[in-house]
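Survey of secondary and tertiary structure
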Amino acid sequence: MSAHRLLPLLASLTLLTAVPAAGPAQGPPQPARPAGGEKAGPDASLLPDDPVVTQHSIRIGQQTVAYSAEAGWLPIREDGKVMARMFYVAYHRTGVTDPNRPLIFSFNGGPGTASVWMHMGYTGPRRVVYDAEGFALRPPGTIADNPNSILDVADIVYIDPVATGFSRMMEGEELHRFHGKLADIRSVAEFIRLYLVRKDRWNSPKFVIGESYGTTRAAGLAGNLLSQHQVYLNGVILVSMTGLDIESGPDVNYATALPQYTATAWYHRQLPADLQAKPLRAVLDEAEAFAMGDYLAALVKGDRLQDAERDAMAQRVARFAGVTPEYVKATNLRIDSRRFWKELLRDQRLTVGRLDSRYIGIDRDAAGEGPEYDPALADWNGTFGNVINRYIRQELKYNPDLQYNVWGDVRPWQQDPGTSVGDMLRQAMRNNPYLKVLIQAGYYDAATDYFGAVYTISHIQPGGEFRDRFRFTFYESGHMMYLRDVDRARSNDDLRAFIRWCLEDKAAYPRQAQ
């Protein structure tokens, strides 16, 4: 079932119990500490005073694109005082004079990770080399041109939030001052405002693209930039989207997770033969319809579900999840995701990945409720960490005596539970009727599952008034769908199409009721 056909169905559901949506993908665990008090050291002073600019060219499609790469930092101020230095790498196509050339601000998530992933894997002019299906090659990894980069149609600024990359608080300032949902949004919004000022890019159509927790940031930025800085975005791009603080119910979360389980079981050939023989998208159409129909209806009955109904439902859930009916019954028809990653291939003593469930892992033993680690994240960390240091320090000639934090120390992270970034996005779309949103999702992403994103977007403005301003694109890959060659090409083309869509000349927005 396609996304546009699902939206009316999803919007009509009545939720019985509301809880916050599932959280974003996390990085390696960090020790807990009490909030407040810790002060920043002198690291910020190690950054060069001036940005470093280098010149390059790349072949994109049928054209050679000349561009400059600028590595530097901007001051983040509060009440006129510089509190932090925020690092960036900006790419500008040279030899073009269009004052209306689009400008994209890009960042990743965590919270607490640098912009390295989309920078060196997705949209930038250089990329980490993986095999054709998106699996890592032998360390230490290699760098190659990215012929799919969107630098032909837009300039790109990769932002590292405070404590990630080379971004640091000023000496003596509170180390975690910007480590919370709203504080993080405000600090990145201040960076964007100052970048527009210093680079005189007010005429440029403006976009933000965030991945994982970066989608939480991007949604909040749409509202904050508009309300605090009068910066109206043309487009927001959400890659591997979180729940955006949109309320759902626990039973809804189990239902929306099921199609992702189906995709994972299909990839690992654990489905019944009739389903296994079908194309993935055809199987997912069936799984989605079942999940939001009979399965959700059974879940909300709770203990009112009769034994015969429960047995029959366990059979049907097992059919789409690739596990046994007995296991489904033992979970009360509610399969927790961590349990699923351990259970699906337990008989082979293997686990499946969280960020990309195509990956398989090997735990110490085959017992237990959940996996020891995420084999996808383990695959990505080493290669990207090595390559980003070589690239920035050698090719871009920016080489401070400072560690580049792929994963920064951002705990404790203030959750600001009363804030809904989904509603901040809704208000931005309300106030700026030309703002459009692209959602990109991988079928094998078990951290921020694709069907949960469909549900979330359908509940930002449940009446449907904004429905035609959202666009979904799906890929047969995981959280970082762009690591797979065919999906990197297609997802970048989808970005180009989205930019064109946002900039179409069309009739003025309706100002009068019918």
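Now for a description of the structure that goes with this document. (Residues numbered from 1 in each chain as written. Predicted model: local features only at pLDDT ≥ 70, side-chain atom pairs only at ≥ 80, totals over all residues. Heavy atoms only, no water.)

Topic: the overall build of the protein
Secondary structure assignment for the protein yields 14 helices and 14 strands. Relative to the globule expectation of 24 Å for 514 residues, the C-alpha radius of gyration of the protein, 23 Å, shows essentially globular dimensions. Taking the principal axes of the C-alpha coordinates as reference, the protein spans close to 70 × 65 × 55 Å. Across the protein, the fraction of contacts at a sequence separation of at least 24, relative to all contacts at a separation of at least 6, is 75%. Total accessible area computed for the protein in this model is approximately 20,700 Å², and 50% of it derives from carbon and sulfur atoms. When the 57 positive and 60 negative side-chain charges of the protein are each reduced to one mean point, those points stand 3 Å apart. (Helix = DSSP H or I, 4+ residues; strand = E, 2+ residues; numbered from the N terminus. Rg over C-alpha atoms; globule rule 2.2 N^0.38 Å. Contact = heavy atoms within 4.5 Å. Areas by Shrake-Rupley, 256 points an atom, 1.4 Å probe, with all protein chains shown as cover. Lys, Arg positive; Asp, Glu negative; His and termini not counted. Charge placed at Lys NZ, Arg CZ, Asp CG, Glu CD.)

Focus: the pattern of salt bridges
Considering all chains together, one arrives at 31 salt bridges under this definition. Glutamate 133 is the partner of arginine 484 in a salt bridge, and the nearest nitrogen-oxygen pair spans 2.9 Å. Linking arginine 484 in the loop between β14 (470-475) and α14 (485-502) with glutamate 133 in the loop between β5 (126-128) and β6 (143-145), this pair joins segments that are 351 residues apart in sequence. According to the relative accessible area criterion, arginine 484 is buried, its value standing at 15%. Between aspartate 311 and lysine 329 there is a salt bridge, with the nearest N and O atoms lying 2.6 Å from each other. Linking aspartate 311 in helix α8 (residues 307-321) with lysine 329 in helix α9 (residues 325-330), this pair joins segments that are 18 residues apart in sequence. Overall, lysine 329 belongs to the partly exposed group, its relative accessible area being 39%. In the salt-bridge network here, residues are joined through shared partners; they are Glu133, Asp356, Arg358, Arg484 and Asp487. (Salt bridge = Lys/Arg side-chain N within 4 Å of Asp/Glu carboxyl O. Buried < 20%, exposed > 50% of the residue type's maximum accessible area, 1.4 Å probe, protein only.)

A short note on the packing of helix α7 (residues 280-301) against helix α13 (residues 450-458)
Running from amino to carboxyl end, α7 crosses α13 at an angle of 50°, the nearest separation of the two axes being 12 Å. By the angle class used here, α7 and α13 are oblique. Seen along the crossing, α7 lies across α13 with a hand that is right-handed. Only Tyr450, Phe451 and Tyr455 of α13 make contact with α7, whose side of the interface consists of Arg281, Leu284, Glu288 and Met292. For the contact of α7 with α13, the class distribution of residues is five nonpolar, no polar and two charged. (Axes fitted to C-alpha atoms, helices over the stretch in contact; angles between N-to-C directions. Parallel < 35°, antiparallel > 145°, perpendicular 65-115°, else oblique. Left-handed = near helix turned anticlockwise from the far one by under 90°. Nonpolar A, V, L, I, M, F, W, Y, C, P; charged D, E, K, R; others polar.)

Some remarks on helix α5 (residues 250-267)
Here α5 contains 18 residues, and its C-alpha end-to-end distance of 26 Å stays within 8% of the 26 Å for a straight helix at 1.5 Å per residue. Its maximal kink placed at leucine 258, α5 deviates by approximately 25°, while the proline proline 259 follows within four residues. Burial runs high along α5: 14 of the 18 residues are buried. One or two steps after α5, the chain reaches arginine 269, where phi turns positive at roughly 60°. (Expected span 1.5 Å × (residues − 1). Bend = angle between axes of the 7 residues up to and from the residue.)

Let's talk about the side chain of threonine 419
Tracing the backbone through its elements, the reader meets threonine 419 in the loop between α11 (375-395) and α12 (421-431). Classification of threonine 419 by relative accessible area gives buried; the value is 17%.

What to know about the pairing of strand β13 (residues 436-442)
Burial analysis of β13 places seven of its seven residues in the buried class, which makes it a mostly covered element. Side-chain alternation along β13 places Lys436, Leu438, Gln440 and Gly442 on one buried face and Val437, Ile439 and Ala441 on a second face that is also buried. Relative to β14, β13 is paired through six bridges, and the arrangement is parallel. For glycine 442, the partnering residue across the bridge sits in β14 and is tyrosine 475. Where the polypeptide runs from β13 across α13 and back to β14, its parallel neighbour, the crossover connection is right-handed. (Pairing = 2+ DSSP bridges. Right-handed = clockwise from strand over helix to strand, strands pointing away.)

So, the packing of α5 against α13
Running from amino to carboxyl end, α5 crosses α13 at an angle of 135°, the nearest separation of the two axes being 7 Å. It follows that α5 is oblique to α13 by the angle criterion. Within the contact between the two elements, α5 uses Val252, Thr256, Pro259 and Gln260 and α13 uses Tyr450, Phe451, Gly452 and Tyr455. Of the residues assigned to the contact of α5 with α13, the class counts are five nonpolar, three polar and no charged.

Section: the nonpolar core
By size, the foremost hydrophobic cluster in this structure holds 100 residues, and its most contacted members are Phe105, Phe191, Ile192 and Val236. Sort the elements by how many residues they give to this core and α7 lands first, with eleven residues. Other than its neighbours up to four places away in sequence, phenylalanine 191 contacts Leu74, Ile76, Met86, Tyr88, Phe105, Val157 and Ile159. Ranked by size, the runner-up nonpolar core spans 59 residues in total, among them Met118, Phe207, Trp380 and Leu495. (Core = buried A, V, L, I, M, F, W, Y, C linked by side-chain atoms within 4.5 Å.)

Concerning the packing of aromatic side chains
Enumeration over the complete set of coordinates arrives at 29 aromatic pairs. Note on tyrosine 261 and phenylalanine 340: the rings are 4.2 Å apart at their centroids and 20° apart in plane angle, and the pair reads as stacked. Residue tyrosine 261 is located in helix α5, and its partner phenylalanine 340 is located in helix α10 (residues 337-343); the two are separated by 79 residues in the primary sequence. Residue tyrosine 261 is classed as buried on the basis of its relative accessible area of 4%. In textbook terms, an aromatic cluster arises when at least three aromatic residues are bridged by ring pairs, as seen for Tyr443, Tyr450, Phe451, Phe472 and Phe474. The ring of phenylalanine 320 has arginine 319 sitting right over it, with the charged end atom 6.0 Å from the ring centre. (Phe/Tyr/Trp six-rings, centres within 6.5 Å; stacked < 30°, edge-to-face > 60°. Lys NZ or Arg CZ within 6 Å of the ring centre and 35° of its normal.)

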